[in-house]
Structures are given as structure tokens and as C-alpha cells.
Amino acid sequence: MPVLKYYYDLLSQPSRAIYIFLKLANIPFQSCPVALRTGEHQTEDFKSSMNRFQKVPFIHHGDFKLAESVAIVRYLAREYRDLVPDKWYPAESKAQARVDEYLAWQHANTRIPCATYFFYKYIIPAMTKSPPDETELGKLESNLVTCLDQLEDLWLSPASKYIAGDSISVADIFAACELEQTRLASYDVTKNRPILKAWLERVREECNPAYSEAHAVLNKLVAKKSQSKL
Ligand SMILES: N[C@@H](CCC(=O)N[C@@H](CS)C(=O)NCC(=O)O)C(=O)O
């Protein structure tokens, strides 16, 4: 098996998801951090030699280069089938299809609402040094609320312990990493949401210590932000 190089930034939600998966599956990899904040991904050289989409996460597996977190997780689950515990991406057709159903759904229905809210409330004000437009922020918050309602109503309720059923899978890792990002925008996704809160606690616990390791930088920034408000 060729060396697996993993390129990521732990402040990126899909980067954390793949990082946690690699750790939980005991897949050996060479760690290749990319600091998005320095813009190192924006050069022509990066585009031609590293990742043509100029985003993280991505992998180089020998000569093979692959981007897009969902494609990466599926590829790794196939390539390292002997290492990866089945629960993370089940081999059985229908169980795998249920995980895939969420991975397809989440792009538009979890990632976009969470990431857009985070970007508008946290990144843009940090860049422009001015507060976000309240009307626009209200619209984005309402999209986020819809996303959380749907996670509870369509995926976790009434009896589903995890996103894809009774067993934890990569679907839960992807969802949790997106939701965690909103803490930086001072949004508590678990407030008045006992189902989501219990699920998130289960996921954190079952994915530790990899989960905490992946979220350490984000947790530090959240703590710094709340201290600056005191
Ligand atoms: N659909 C892609 C999304 C990748 C993505 O949007 N990455 C962001 C960080 S979360 C990025 O690299 N942004 C840098 C930029 O757009 O300049 C995936 O799932 O891997």
C-alpha cells in the first residue's frame, strides 16, 4: 500500500470529519496540515500540484490524488476494508445506502446552512471589522433552525439513536463536525433540543479521544472568544 498523505486544516469541518475517521479506523497516514488562513492554498502551484479545487481536505495516495470529503471517506473505507471497523461505513448494501443517503443529503441540508451561518456571523465580521447585517443574519439563522429541525425530525426521531440507524457511522461524524462549527458563531445547536443534545454527546463520547483532538483548535478559539466578551 502506498503512503497516504492527508492534507487538512482542523478549522475546516470536513477536514475534521476525515481526521477523526482516519484515527478511529487506525489508518496510517502522513499528516500534512494546510493553513487556510495564510492562503497557501490559493497559489497556482498549489492548484496544479496539490489540489485543483484549492480546498481542504484532500489526499495523495501514492500517485492518486483525491478531493471531496465524501469521496475520500468512501475510497478509504474500500482501500482499507481490512482495517476499518464495519460500523463506520457498513459493507452490507442497505446499511451502506442509509449512510450514503445522509452523505448525499448533508451537502445542501447540513453543510450549507451551518457553514453559511458560521461564515456570515464569524468570518465576515472578523475580516471587515463590522457587524453582520441583521436581516441577512436572521434569514441564515432561520435556515440553520430548519437544518436542526430536520436532523431531529427526519434522521434522529423517533427511535433512531444515530443518523443512519442504531449504529454510529461516518454520517454522525460528518454531521457533528458541521454542527460544532456554529459554536464559533456563538450558536448553541443543543439549546432546547434534547434529542440533538443527547445524540451529540453520544457521538463525542464514542469518537473520543480522536474527536477532542480534532476539535482542540476550535475549542481554544471558542474559549478565547467567550473570555473576550467577559
Ligand atoms: N465539498 C468539499 C468542501 C471543501 C471545502 O469547502 N473546504 C473549505 C474549508 S471547510 C476550504 O478549503 N475553503 C478554502 C477556500 O474556499 O478558499 C468537501 O466536502 O470536501
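Residues numbered from 1 in each chain as written. Predicted model: local features only at pLDDT ≥ 70, side-chain atom pairs only at ≥ 80, totals over all residues. Heavy atoms only, no water.

- The name given to the chain in an unreviewed UniProt entry is glutathione transferase, with the source organism recorded as Dendroctonus armandi.
- As its UniProt record puts it under Sequence similarities (unreviewed entry), the chain is described as follows: "Belongs to the GST superfamily. Theta family."
- Checking UniProt for the chain, the heading Subcellular location (unreviewed entry) contains the comment "Cytoplasm". (UniProt positions renumbered as here; feature names shortened; annotations may be inferred.)

Observations concerning helix 7 (residues 194-207)
- Here helix 7 spans 20 Å end to end across 14 residues, near enough to the 20 Å set by a 1.5 Å rise per residue.
- Among the residues making up helix 7, those that are buried are Leu196, Trp199, Leu200, Val203 and Cys207. Along the axis of helix 7, the buried residues cluster in a sector spanning 100°; they form a single face. The outward face of helix 7, more than 90 degrees from its buried face, is lined by the exposed residues Pro194 and Glu205.
- Looking at the buried positions of helix 7, the neighbouring elements they touch are helix 1 (13-24), helix 5 (134-156), helix 6 (170-181) and helix 8 (210-229). (Helix = DSSP H or I, 4+ residues; strand = E, 2+ residues; numbered from the N terminus. Expected span 1.5 Å × (residues − 1). Buried < 20%, exposed > 50% of the residue type's maximum accessible area, 1.4 Å probe, protein only. Arc of directions from axis to C-beta. Contact = heavy atoms within 4.5 Å.)

Quick look at the UniProt feature "domain: GST N-terminal" (unreviewed entry) in the chain
- With numbering aligned to this structure, UniProt lists the feature "domain: GST N-terminal" (unreviewed entry) at residues 2-84.
- With 35% helix and 20% strand, the stretch residues 2-84 has end C-alpha atoms that lie 17 Å from each other.

As for the site of the ligand
- Every residue lining the ligand is accounted for by Ser12, Gln13, Pro14, Leu36, His41, Lys55, Val56, Pro57, Glu68, Ser69 and Arg111.
- Between His41 and the ligand, the recorded distance is 2.8 Å, taken from a side-chain N or O atom to an oxygen atom.
- Between the ligand and Lys55, the relevant distance is 2.9 Å, taken from an oxygen atom to a side-chain nitrogen or oxygen of the residue.
- Here the ligand loses 78% of its free accessible area of 520 Å² to cover by the protein chains.
- Residues belonging to the shell around the ligand are distributed by class as follows: four nonpolar, four polar and three charged. (Near = heavy atom within 4 Å. Polar contact = N/O pair within 3.5 Å; in protein donor to acceptor, adjacent residues only side chain to side chain. Areas by Shrake-Rupley, 256 points an atom, 1.4 Å probe, with all protein chains shown as cover. Nonpolar A, V, L, I, M, F, W, Y, C, P; charged D, E, K, R; others polar.)

Thoughts on the domain arrangement of the chain
- According to the domain assignment, the chain contains domain 1 (4-88) and domain 2 (93-228).
- In this structure, domain 1 and domain 2 have C-alpha centres spaced 20 Å apart.
- At the interface, 20 residues of domain 1 touch 28 residues of domain 2.
- Counting the contacts that link domain 1 with domain 2 gives two salt bridges.
- For Glu213, the salt bridge is made with Lys23, and the minimal N-O distance between the two is 3.4 Å.
- Where domain 1 packs against domain 2, one counts eight residue pairs in polar contact (both at pLDDT 80 or more).
- When contributions to the side of domain 1 that touches domain 2 are tallied by element, the ones reaching two or more residues are helix 1 and helix 3 (69-79).
- Considering every element that reaches the side of domain 1 that touches domain 2, the biggest residue donor is helix 1, with 10 residues.
- Of the residues assigned to the side of domain 1 that touches domain 2, the class counts are 12 nonpolar, two polar and six charged. (Domains from an automatic or database assignment. Salt bridge = Lys/Arg side-chain N within 4 Å of Asp/Glu carboxyl O.)

Remarks on the nonpolar core
- Ranked by size, the top nonpolar core spans 62 residues in total, and within it Phe21, Leu76 and Trp199 carry the most contacts.
- Those elements giving two or more residues to this core turn out to be strand 1 (4-8), helix 1, helix 3, helix 4 (93-128), helix 5, helix 6, helix 7 and helix 8.
- The residue makeup of this core includes at least three contributed by each of domain 1 (4-88) and domain 2 (93-228).
- Judged by nonpolar contacts, the second largest core, of seven residues, contains Val34, Val56, Phe58 and Ala67. (Core = buried A, V, L, I, M, F, W, Y, C linked by side-chain atoms within 4.5 Å.)

Quick notes on the packing of aromatic side chains
- Applying the stated criterion across every chain yields a total of 12 aromatic pairs.
- Seen in terms of ring centroids, Tyr6 and Phe29 are 6.1 Å apart; in terms of plane orientation they differ by 80°. Their pairing is edge-to-face. Of this pair, Tyr6 sits in strand 1 while Phe29 sits in the loop between helix 1 and strand 2 (30-33), and the two are 23 residues apart along the sequence.
- The interplanar angle of 90° and the centroid separation of 5.7 Å between the aromatic rings of Phe46 and Phe58 together place this pair among those described as edge-to-face. Of the two residues, Phe46 sits in helix 2 (residues 44-49) while Phe58 sits in strand 3 (residues 58-61), which places them 12 residues apart along the sequence.
- Every member of this aromatic cluster is reached through a ring pair, and the members are Tyr6, Tyr8, Tyr19 and Phe29.
- Geometry around Tyr162 places Arg202 over its ring, the cationic atom sitting 5.5 Å from the centre. (Phe/Tyr/Trp six-rings, centres within 6.5 Å; stacked < 30°, edge-to-face > 60°. Lys NZ or Arg CZ within 6 Å of the ring centre and 35° of its normal.)

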